[in-house]
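Okay, here's what each chain looks like letter by letter:
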Amino acid sequence: MAETYTPPVYGTGAKATIQRIGGHLAGMIMPNIGAFIAWGLITALFIPTGWLPNATLGAMVDPIIKTLLPILIAYTGGRMVHGQRGAVVGAVAAMGVIVGSDIPMFLGAMIIGPLTALILKYVDKFTEDRTKSGFEMLVDNFTAGIVGAVMAIVGMWAIGPVVRVVTTAAGNAVEWLIVNNLLPIASVLIEPAKVLFLNNAVNHGVLGPLGVAESVKAGKSILFMLESNPGPGLGLLIAYLLFGPRPLRPSTPAAMIIHFFGGIHEIYFPYVLMKPRLILGVIAGGAAGVFTFMITGAGLVATPSPGSIFAYMAVTPKGGWLGVIAGIVVATAVSFAASSLLLGFGRGEKEEPPEDTPQAAADAPEPPADRIEETGANDHETQAQPVAKEA
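Below you will find a few notes about this structure. Being a predicted model, the structure only gives us computed values, none of them experimental.

In this section: empty space enclosed by the protein. Inspection of the entire model under this criterion finds 1 cavity of 30 Å³ or more. Here the largest cavity defines a volume of roughly 30 Å³. Contributing to the lining of the largest cavity are Ile 103, Pro 104, Phe 197, Leu 198, Asn 199, Asn 200 and Ala 201.

The end-to-end C-alpha distance of helix α10 (residues 231-243) is 18 Å, a good match for the 18 Å that 13 residues give at a rise of 1.5 Å each. α10 sits mainly inside the fold: 10 of its 13 residues count as buried.

Judged by side-chain polarity, Leu 41, Leu 45, Trp 51, Leu 52, Ile 257, Phe 261 and Phe 310 come together as a nonpolar surface patch covering roughly 730 Å² of accessible area. Those elements that provide at least two residues to the nonpolar patch are α3 (33-46) and α11 (252-261). Tracing the backbone through its elements, the reader meets Trp 51 in the loop between α3 and α4 (55-58).

Glancing now at the environment of Val 61. Looking at the secondary structure, you find Val 61 in helix α5 (residues 61-99). Val 61 gets classed as buried once you look at its relative accessible area, which sits at 10%. Taking C-alpha positions, Val 61 is 9.9 Å from Ala 38, a pair spaced 23 residues apart along the chain. In contact with Val 61, not counting residues within four places along its chain, are Trp 39, Ile 42, Thr 43 and Ile 47.

The subject of this paragraph is the layout of surface pockets. Rolled over the atoms, a probe as big as a water molecule pinpoints where empty space is left. Quantified by volume, the largest pocket comes out at close to 590 Å³. Every residue lining the largest pocket is counted, 32 residues in all, and those nearest its centre are Trp 39, Ile 65, Asn 200, Ala 201 and His 204. Sorting elements by how many residues they give to the lining of the largest pocket places helix α9 (residues 199-218) first, with 8 residues. Considering only residue class, the lining of the largest pocket consists of 12 nonpolar, 15 polar and 5 charged.

What follows deals with the packing of α10 against α11. Contact pair α10 / α11: the axes reach a minimum separation of 9 Å and the direction vectors enclose 170°. Relative to α11, the element α10 is oriented roughly antiparallel. Together, Gly 233, Leu 234, Leu 237, Ile 238, Tyr 240 and Leu 241 of α10 and Thr 252, Pro 253, Ala 255, Met 256, His 259 and Phe 260 of α11 make up the contact between the two elements. Looking at the contact of α10 with α11 residue by residue, the class counts come to 9 nonpolar, 3 polar and no charged.

Its location among the elements puts Val 330 in helix α15 (residues 321-342). With 38 residues separating them along the chain, Val 330 and Thr 292 place their C-alpha atoms 7.3 Å apart. Leaving out residues up to four positions away in the same chain, Val 330 has contacts with Ala 288 and Thr 292.

Counted under the stated rule, the structure contains 6 aromatic pairs. Note on Phe 261 and Phe 310: the rings are 5.7 Å apart at their centroids and 35° apart in plane angle, and the pair reads as tilted. Residue Phe 261 is located in helix α11, and its partner Phe 310 is located in helix α14 (residues 309-314); the two are separated by 49 residues in the primary sequence. The exposure class assigned to Phe 261 is partly exposed, which follows from its relative accessible area of 41%. The rings of Phe 243, Phe 336 and Phe 345 are connected pair by pair, giving a single aromatic cluster. Sitting over the ring of Phe 126, Arg 130 keeps its end group 4.1 Å from the ring centre.

What follows is about α5. Between the first and last C-alpha of α5 there are merely 17 Å, a value that for 39 residues lags more than 12% behind the 57 Å anticipated at 1.5 Å per step. Of all the bends in α5, the largest measures some 145° and sits at His 82.

Criteria and thresholds
Along each chain, numbering runs from 1 in the same order as the chain's sequence is written. Confidence filtering applies because this is a predicted model: local features only for residues at pLDDT of at least 70, side-chain atom pairs given and counted only at 80 or more, and all residues used for totals across whole chains, interfaces and linings. To obtain the side-chain values, all non-hydrogen atoms of the structure were used and water was disregarded. Of the grid points, spaced at 1 Å and generated over the protein atoms alone, those admitting a 1.4 Å probe that cannot get out make up cavities, while open sets with protein on both sides within 12 Å along at least five of seven lines make up pockets; any residue with an atom within 4 Å of a point is treated as lining. Grid points are joined across faces, edges and corners, and a volume is the space filled by probe spheres set on the points. Helix and strand definitions follow DSSP, with helices as H or I runs of at least four residues and strands as E runs of at least two, each counted in order from the N terminus. Helices are assigned an expected span. That span is 1.5 Å times one less than the residue count. Burial classes follow relative accessibility: with a 1.4 Å probe on protein chains only, a residue under 20% of its type's maximum area counts as buried, one over 50% as exposed, and anything between as partly exposed. Two joining distances apply to patches: 9 Å for like charges and 5 Å for nonpolar side chains (Val, Leu, Ile, Met, Phe, Trp, Tyr), and every residue must have over 30% relative accessible area and no salt bridge. Where accessible areas are quoted, they stem from the Shrake-Rupley method and a 1.4 Å probe; at the residue level, only the protein chains shown are allowed to cover. Throughout this description, the term salt bridge denotes a Lys or Arg side-chain nitrogen within 4 Å of a carboxyl oxygen of Asp or Glu. Two residues qualify as a contact provided that any one of their heavy atoms is within 4.5 Å of a heavy atom in the partner residue. Each residue is assigned to one class: nonpolar for Ala, Val, Leu, Ile, Met, Phe, Trp, Tyr, Cys and Pro, charged for Asp, Glu, Lys and Arg, and polar for all the others, Gly among them. Lines fitted to the C-alpha atoms define the axes, with helices restricted to the stretch that makes contact. Angles between their N-to-C directions range from 0 to 180 degrees. When describing relative orientation, an angle under 35 degrees is termed roughly parallel and one over 145 degrees roughly antiparallel, while 65 to 115 degrees is termed roughly perpendicular and anything else oblique. Pairing of aromatic side chains requires ring centres within 6.5 Å, counting the rings of Phe and Tyr and the six-membered ring of Trp. Pairs whose planes differ by under 30 degrees are stacked, by over 60 edge-to-face, and all others tilted. Two conditions define a charge located above a ring, namely a distance within 6 Å from the ring centre to NZ of Lys or CZ of Arg, and an angle within 35 degrees of the ring normal. In this analysis the local bend is the angle between axes fitted, respectively, to the seven residues ending at and the seven residues starting at the residue.

Honestly, it's all geometry; don't read function into it.
Here is the structure:
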């Protein structure tokens with residue numbers, strides 16, 4: 001299924017292996033982009049800081065991001081490994097990491113969904129030749145149920161805590177950089193954490209509380225902009241539009257609108273996962289944006305939620321728009337330049353003419369003269385054979 005949404009990766013080297021892993025991770029997200037957009041629209045409209053605040057409709061936001069989306073990711077990952085049976089057990093196992101954590105478990109779902117499906121795949125191979133005729137359905141259902149239940153427990157007791165430790169460590173590292181006035185370097189940790197769908201944990205779990213404390217004292221805080229800046233993602237998507245793999249270019253304009261105006265940053269994470277080296281592009285853009293915010297004295301009065309340009313303008317203090325806009329523009333430009341360079345400015349993405357076109361036929365090498373004579377002689381003999389038979 002990943003091949004449907006991501007370009008194929010050839011080769012066996014380390015670079016190809018990393019790209020292949022990234023393609024599989026992206027393949028779990030891309031089919032579910034519609035669900036992310038639905039969640040983004042509900043969030044942008046109905047949360048207390050949204051365009052149409054509504055407590056009743058806004059109650060859907062948390063269940064969707066904490067339960068539905070991880071289950072969809074695990075379901076898709078399981079299906080990629082072992083078809084429908086893998087999808088079912090992957091979704092069941094995902095409940096373990098979901099219930100065992102209070103943060104959105106996208107990373108946990110990406111791990112446990114394919115892993116559970118792989119285990120079931122090996123179990124099916126073991127039982128396939130050992131199951132007596134007539135008992136296939138019974139064995140299949142019980143093996144799937146047992147594997148799903150066991151992996152749900154493993155997810156709650158093992159995978160979930162590991163992901164929480166990773167999230168906590170990333171948050172502590174970001175906090176250390178903030179305390180030591182190394183804010184631009186924080187992008188080295190923040191951007192990779194975002195791509196692994198830890199953005200909400202980093203933003204609302206670490207940067208948000210610290211920013212609120214600073215905002216109370218100074219009236220604004222730069223910490224609200226470290227993770228939520230839409231510039232790095234926008235620059236990456238523009239680079240994909242101009243220089244990315246041709247099958248993916250048509251999808252980027254819609255992604256830009258959803259990301260920049262809707263504030264749904266998750267929309268660009270799969271594009272990085274497909275080509276992991278592009279993480280360097282968004283890190284460069286994020287660091288440049290933070291540096292610009294620092295030298296212009298920019299800050300926000302609250303967390304922009306969601307991280308769209310409209311939310312940014314809504315929480316910008318009076319007279320502070322120039323620094324905020326400058327940071328977003330610089331982040332976009334640097335991310336675009338770095339990502340374009342990493343994409344090779346589109347080299348190798350030119351369309352090749354099909355083999356049956358006149359141009360391909362004209363470019364095809366001519367066979368040697370002796371080959372032509374031999375072919376002609378064979379054709380003559382072939383044509384002469386029926387005549388001899390008729391005679």
